[in-house]
Every structure is written in C-alpha cells, then in structure tokens.
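# Survey of secondary and tertiary structure
Spelled out, the chains give:
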Amino acid sequence: MTLKRTLALCLICLGSTAAADCATDAEIDAYVADYTENTPAKALVADGSMEDALCTQAKLITALTPRMGPVVGYKAGLTSKPAQDRFGVNEPVRGVLFRDMLLQDGAEVPANWGARPLFEADLLLVVGSAAINEAKTSEDAMAHISAIRPFIELPDLALAEGEPISGVTLTAIAVAPKLGVMGAEIPVSDPAAMHAALGSMTVTLSATDGEVLAQVPGTAVLGHPVNAVIWLMSKGITLQPGDLVSVGSFGPLVPPAKGKGGASAQYTGLPGDPTVSVTFK
C-alpha cells in the first residue's frame, strides 16, 4: 500500500470524528492473531458507533497489510436484501480488498479457509478512469469502468459464537475479507450495452453437483450492480484507475458444506454467459 493510499483510507475511515473510540492496539493485535490462525475472534467495538467502527477499520487495515498485501480495491457488503435481512441493516456496509486475497478462476482453497467461512456470488468492476468520481448515476459510472470480472467471494465472518454481528462489527473488520476467486476480465467496449446487460442478467450460484444454491437478477444488488460504486463514493471513497470494486452478494451467503466440494457462478446475459469456479479441498 502506498503512503498516499494509506493516508486516504485513514481519512475516509476517521471522517470528521477525531474523537472516535477506536479499538485499542491490543484488541487489534488479538483480532489479527485470531484471523491469521482461523480462530473465532472477539468482536471489535461491539458497543460502538459507526464512526468507532470506521476508525477501527483503518487501524485493522494497517495491521493486516503485511499479511494480506496492499489494498487494491473496495467492497460494498450486504448489498442484497437477503444479506441485509440476515444482519439486520437497511443499507450496505463498506470494506476493502487486499491483493493477496484474490485468486484466479478454478483455484483450490482449504474448506476451512476461515473461522466462520462462507461463500457468495459477487462481481468485480475494474475502474478505468478517475473521472468515475464525478459520476452521479450508474450510467455515468459505467462510462469509466474498463472491465468486469465474475467473482466468488469467500469471506470469513470470523467472530466467535455469541459475539454480535452487526453493521458496526462487520464494518470494524473491513466486511470480513479473506479470499476471493476472479473470473477472466470482460472488457467494456460499449458502456451502454454493458450497463443494460448487468441490469438484466441472471446470476446463478451452484454447488459442484449442479444444485442451484441461489439464482437472482442483476437488480438484486441495489437495483443495479454499478450502484455499489455510487454508494461507496457517497461514503467518501475516492477511486483510482485500476481499483477493483466488489459489488456485494447476489443472494444469501452460503456455508462451504452446501457447495459439496466447491462452487460455480454463472452470469447469464453478460457477453458469453461467463462463469467462475472454486474447489474446496
């Protein structure tokens, strides 16, 4: 992570609340140790505010970077109604993507990749121009997205049984990044056509035996997947060329046992009806 990016992330997370009650250094160190060992962890700032959570997130990002590599993008979490209903929130939450969490299509990962592992059908947007920061609508933003990538995210809710899982505690842990498997880039040559395709596509998440685990329209994510970019920017995120944006889950999060050894996601309606898959070892 560059110094410029580090400072920007800290400013975003701290916002205007210099008195935010961050987790202590000792609490951050304990969480990182549990995270690294896939051990259920204690919630950070469980009784805190969203400002406390964002302050804590900034400290946690700094602590995780030596293990996870630099921040290469952002994630909007809980962007579908099932996910919001599950965690009792009425808007998304925001976190980051680390370089070393991202794997290529067909990757094998341990079935116990986290203390509380889950998987979900997601999608990555690749920022093509800093002009995206001036966008007010998803159509405007689409003109500054250079490519899209199928994506199965493999988050780790990480928190021990009985610990509160809320918008605050999820934000404090950067929305549970751990692993993710990326499909091939699909270049955006016609932004208007791609915008229409993203809104009308159907995303199907399947187990290795073909059982359909979730099947939802593109509109399941905030009415249109690119609205995740608009939402993140509304929260103070400034995007740079090459940044990745994880738009969030299409449907519910699924425990690895239901994948029966892996999972695949297909995006029917996008060019070539692309897929991405992962195997659980």
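Here goes a summary of the coordinates provided. Note that the structure is a prediction, hence the values are computed from the model and not measured.

## Examining the overall build of the protein chain
Scanning the protein chain from N- to C-terminus turns up eight helices and 13 strands. Radius of gyration (C-alpha) of the protein chain: 18 Å, near the 19 Å computed for a compact globule of 281 residues. Along the first, second and third principal axes, the C-alpha set of the protein chain runs to 50 × 45 × 30 Å. Out of the 281 residues belonging to the protein chain, those deemed buried represent 54%. In the protein chain, the share of contacts with a sequence separation of at least 24, taken over all contacts with a separation of at least 6, comes to 79%. About 11100 Å² of surface is accessible on the protein chain, with carbon and sulfur atoms providing 54% of the total. For the protein chain, the distance from the average position of its 18 positive side-chain charges to the average position of its 29 negative side-chain charges is 2 Å.

## Here we look at the packing of aromatic side chains
Enumeration according to the criterion identifies three aromatic pairs in this entry. Here Tyr 31 and Tyr 35 contribute two aromatic rings whose centre-to-centre distance is 6.1 Å and whose plane-to-plane angle is 35°, an arrangement assigned as tilted. Of this pair, Tyr 31 and Tyr 35 both sit in helix H2 (residues 25-37), separated by four residues, roughly a single helical turn. Among the residues examined, Tyr 31 registers a relative accessible area of 3% and is labelled buried. What makes Tyr 35 buried here is its relative accessible area of 5%. Members of the aromatic cluster, connected to one another through ring pairs, are Trp 113, Phe 119 and Phe 280. A cation over an aromatic ring shows up here: Lys 178 above the ring of Tyr 35, its NZ or CZ 4.4 Å from the ring centre.

## Focus: the pattern of salt bridges
Between side chains of opposite charge, a pair can form as their charged atoms come close. Tallied over the full model, the rule gives eight salt bridges. We note a salt bridge from Lys 260 to Asp 209, for which the minimum N-O separation is 2.8 Å. In this pair, Lys 260 sits in the loop between strand E11 (244-246) and strand E12 (262-268) while Asp 209 sits in the loop between strand E9 (202-207) and strand E10 (212-217), placing the two residues 51 residues apart along the sequence. The partly exposed category is assigned to Asp 209, whose relative accessible area is 49%.

## Quick look at unusual backbone geometry
The phi angle at Asn 38 is positive, at roughly 55°, despite the residue not being glycine. Locating Asn 38 in the fold gives a position in the loop between H2 and helix H3 (50-68). Its relative accessible area of 29% is what places Asn 38 among the partly exposed residues. Positive phi outside glycine occurs at Ala 174, with the angle close to 60°. Residue position: Ala 174 is located in the loop between helix H6 (167-172) and strand E7 (179-182). Using a relative accessible area of 1% as the deciding quantity, one classes Ala 174 as buried.

## Considering the environment of Lys 258
Within the secondary structure, Lys 258 is located in the loop between E11 and E12. In this structure, the C-alpha to C-alpha distance between Lys 258 and Thr 36, residues 222 residues apart in sequence, is 24 Å.

## Quick word on the state of the cysteines
Covalently bonding the sulfur atom of one cysteine to the sulfur atom of another cysteine gives a disulfide. For the structure on display, the rule yields one disulfide. At a sulfur-sulfur separation of 1.3 Å, the disulfide partner of Cys 22 is Cys 55. Negative torsions about the S-S bond denote left-handed disulfides, and the value of about -75° found for Cys 22 with Cys 55 makes this one left-handed. Here Cys 22, found in the loop between helix H1 (3-14) and H2, pairs with Cys 55, found in helix H3; they are 33 residues apart in sequence, far enough to count as distant.

## Notes on the packing of H2 against H3
Closest axis-to-axis distance for the H2/H3 pair is 10 Å, and the angle between their directions is 45°. As far as their axial angle goes, H3 and H2 are oblique. Note on packing geometry: the crossing formed by H2 with H3 is right-handed. Contacts between H2 and H3 pair Asp 25, Ile 28, Tyr 31, Val 32, Tyr 35 and Thr 36 from the former with Thr 56, Lys 59, Leu 60, Ala 63, Leu 64, Arg 67 and Met 68 from the latter. Among the residues making up the contact of H2 with H3, the classes are represented as eight nonpolar, two polar and three charged.

Rules behind the numbers
- Residues numbered from 1 in each chain as written.
- Predicted model: local features only at pLDDT ≥ 70, side-chain atom pairs only at ≥ 80, totals over all residues.
- Heavy atoms only, no water.
- Helix = DSSP H or I, 4+ residues; strand = E, 2+ residues; numbered from the N terminus.
- Rg over C-alpha atoms; globule rule 2.2 N^0.38 Å.
- Buried < 20%, exposed > 50% of the residue type's maximum accessible area, 1.4 Å probe, protein only.
- Contact = heavy atoms within 4.5 Å.
- Areas by Shrake-Rupley, 256 points an atom, 1.4 Å probe, with all protein chains shown as cover.
- Lys, Arg positive; Asp, Glu negative; His and termini not counted.
- Charge placed at Lys NZ, Arg CZ, Asp CG, Glu CD.
- Phe/Tyr/Trp six-rings, centres within 6.5 Å; stacked < 30°, edge-to-face > 60°.
- Lys NZ or Arg CZ within 6 Å of the ring centre and 35° of its normal.
- Salt bridge = Lys/Arg side-chain N within 4 Å of Asp/Glu carboxyl O.
- Disulfide = S-S within 2.5 Å.
- Axes fitted to C-alpha atoms, helices over the stretch in contact; angles between N-to-C directions.
- Parallel < 35°, antiparallel > 145°, perpendicular 65-115°, else oblique.
- Left-handed = near helix turned anticlockwise from the far one by under 90°.
- Nonpolar A, V, L, I, M, F, W, Y, C, P; charged D, E, K, R; others polar.

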